[in-house]
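Each chain, letter by letter, is given below.
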Amino acid sequence: YPTYDRLRHVGALVDAPFNTLLATRHAEVFTVLRDARFSSNARHQDNHEQFVEMAKMVGLGDLEELFERVMLFADPPDHTRLRTLVSKAFTPRVIEEMRLHIQAIAADTRQCPRQGADPVLCHQIGHRIAVASIERFNRMRDRVEAADRR
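Residues numbered from 1 in each chain as written. Predicted model: local features only at pLDDT ≥ 70, side-chain atom pairs only at ≥ 80, totals over all residues. Heavy atoms only, no water.

**Student:** Just to check I follow, could you spell out helix 5 (residues 78-89) for this structure?
**Tutor:** Think of an α-helix as turning once every 3.6 residues; residues three or four places apart then point the same way. For helix 5, which comprises twelve residues, the first-to-last C-alpha distance of 17 Å matches the rise-based estimate of 16 Å (1.5 Å per residue) to within 8%. All of the buried residues in helix 5 are L82, L85 and A89. Buried residues of helix 5, viewed axially, fall in a sector of 65°; they line one side. Along helix 5, the residues that are exposed and aim more than 90 degrees away from the buried face are R83 and K88. (Helix = DSSP H or I, 4+ residues; strand = E, 2+ residues; numbered from the N terminus. Expected span 1.5 Å × (residues − 1). Buried < 20%, exposed > 50% of the residue type's maximum accessible area, 1.4 Å probe, protein only. Arc of directions from axis to C-beta.)

What follows is the structure, encoded as structure tokens:
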């Protein structure tokens, strides 16, 4: 990764666009990731309460609540707990099974245009991929949530 190598030689913290700093070394990244001032969790941002109220006033309160529950925006220890649970659901074996299942359905879809199939039928097969994938993810989510309740 030559770009990262060049950045590391510039310094531990490098000026970046949008009035930000880029941490280029492990020690600085480690420090930043454990400092609440740099949290991606909106609850740690200035004026969070006002933002939540504004979101509710314009009909986006549910969306704001959803973002607060997403693992990506969680801080330790919640992020660590959720990541541990999710990693058990997304083992390499499970991902491989999903890949094979989706490839099989996609193979059907690729045959549609070649066989002069009705475009509606091709759309239905594509829909089948989405539904099958969502059902699998929902089953995984249910297992993760059940494990989290224990």
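Now that the structure has been shown, we can carry on.
**Student:** Help me out: how do you make sense of the pairing of strand 2 (residues 20-23) in this one?
**Tutor:** Along any regular strand the residues' side chains alternate between the sheet's two faces. In the sheet, strand 1 (residues 13-16) pairs with strand 2 via four bridges, with the strands oriented antiparallel. Residue pairing in the sheet places V14 in a bridge with L22 of strand 2. (Pairing = 2+ DSSP bridges.)

**Student:** Is there a simple way to think about the layout of surface pockets in this case?
**Tutor:** To find the voids left in a structure, one rolls a probe of water-molecule size over its atoms. Computed from the structure, the largest pocket encloses a volume of approximately 710 Å³. Lining the largest pocket are 24 residues, and of these R69, V70, M71, L82 and E145 lie nearest its centre. Among the elements of the structure, helix 4 (61-69), helix 5 and helix 7 (119-149) are those that each provide at least two residues to the lining of the largest pocket. Across the lining of the largest pocket, the residue classes tally to eleven nonpolar, three polar and ten charged. L33, R34, A74, D75 and P76 are, among the 15 residues lining the second largest pocket, the residues nearest its centre. The set of elements that each furnish at least two residues to the lining of the second largest pocket consists of helix 2 (26-33) and helix 5. Considering each element in turn, the lining of the second largest pocket owes the most residues, three residues, to helix 5. Along the lines of polarity and charge, the residues of the lining of the second largest pocket split into seven nonpolar, four polar and four charged. (1 Å grid on protein atoms, 1.4 Å probe; cavity = no way out; pocket = protein on both sides within 12 Å on 5 of 7 lines; lining within 4 Å. Points joined across faces, edges and corners; volume = space filled by probe spheres on them. Nonpolar A, V, L, I, M, F, W, Y, C, P; charged D, E, K, R; others polar.)

**Student:** Looking at this structure, how should I read the pattern of salt bridges?
**Tutor:** Pairing between side chains becomes possible if they bear opposite charge and their charged atoms approach one another. By the definition in use, this model includes four salt bridges. Salt-bridge contacts for E96 lead to R99; the nearest nitrogen and oxygen are separated by 2.5 Å. Highlighted residues: E96 and R99, both in helix 6 (residues 92-114), separated by three residues, approximately one helical turn. Overall, R99 belongs to the partly exposed group, its relative accessible area being 37%. (Salt bridge = Lys/Arg side-chain N within 4 Å of Asp/Glu carboxyl O.)

**Student:** Got a minute to help me understand the nonpolar core in this structure?
**Tutor:** A general trend in soluble globular proteins is that nonpolar side chains are found buried together. Of all hydrophobic cores here, the largest spans six residues; its members are L85, A89, V94, M98, M140 and V144. Looking at this core, the elements with two or more residues in it are helix 5, helix 6 and helix 7. (Core = buried A, V, L, I, M, F, W, Y, C linked by side-chain atoms within 4.5 Å.)

**Student:** Looking at this model, I keep getting lost on the side chain of T24. Mind explaining?
**Tutor:** Mapped onto the secondary structure, T24 falls in the loop between strand 2 and helix 2. Relative accessible area serves as the criterion here: at 13%, T24 is assigned to the buried category. Within polar-contact distance, the side chain of T24 engages the backbone oxygen of G11 at 2.5 Å. Not counting residues up to four positions away in its chain, the partners in contact with T24 are L7, R8, G11, A12 and V14. (Polar contact = N/O pair within 3.5 Å; in protein donor to acceptor, adjacent residues only side chain to side chain. Contact = heavy atoms within 4.5 Å.)

**Student:** Explain the packing of helix 3 (residues 48-57) against helix 4 here, please?
**Tutor:** Geometry of a packed helix pair, given as the angle between the helix axes and the separation of the axes. Where helix 3 contacts helix 4, the axes come no closer than 7 Å and their chain directions differ by 135°. Classified by the angle their axes make, helix 3 and helix 4 are oblique. Taken together, the residues of helix 4 that come into contact with helix 3 (itself represented by H48, F51, V52, A55 and K56) are G61, E64, E65 and E68. (Axes fitted to C-alpha atoms, helices over the stretch in contact; angles between N-to-C directions. Parallel < 35°, antiparallel > 145°, perpendicular 65-115°, else oblique.)

**Student:** What's the story with the environment of R139 in this structure? I'm lost.
**Tutor:** Looking at the element boundaries, R139 is found in helix 7. Taking relative accessible area as the criterion, R139 reaches 45% and is therefore assigned partly exposed. C-alpha of R139 to C-alpha of A89: the two residues are 50 residues apart in sequence and 9.4 Å apart in space.

Geometric values such as these leave the question of function open.
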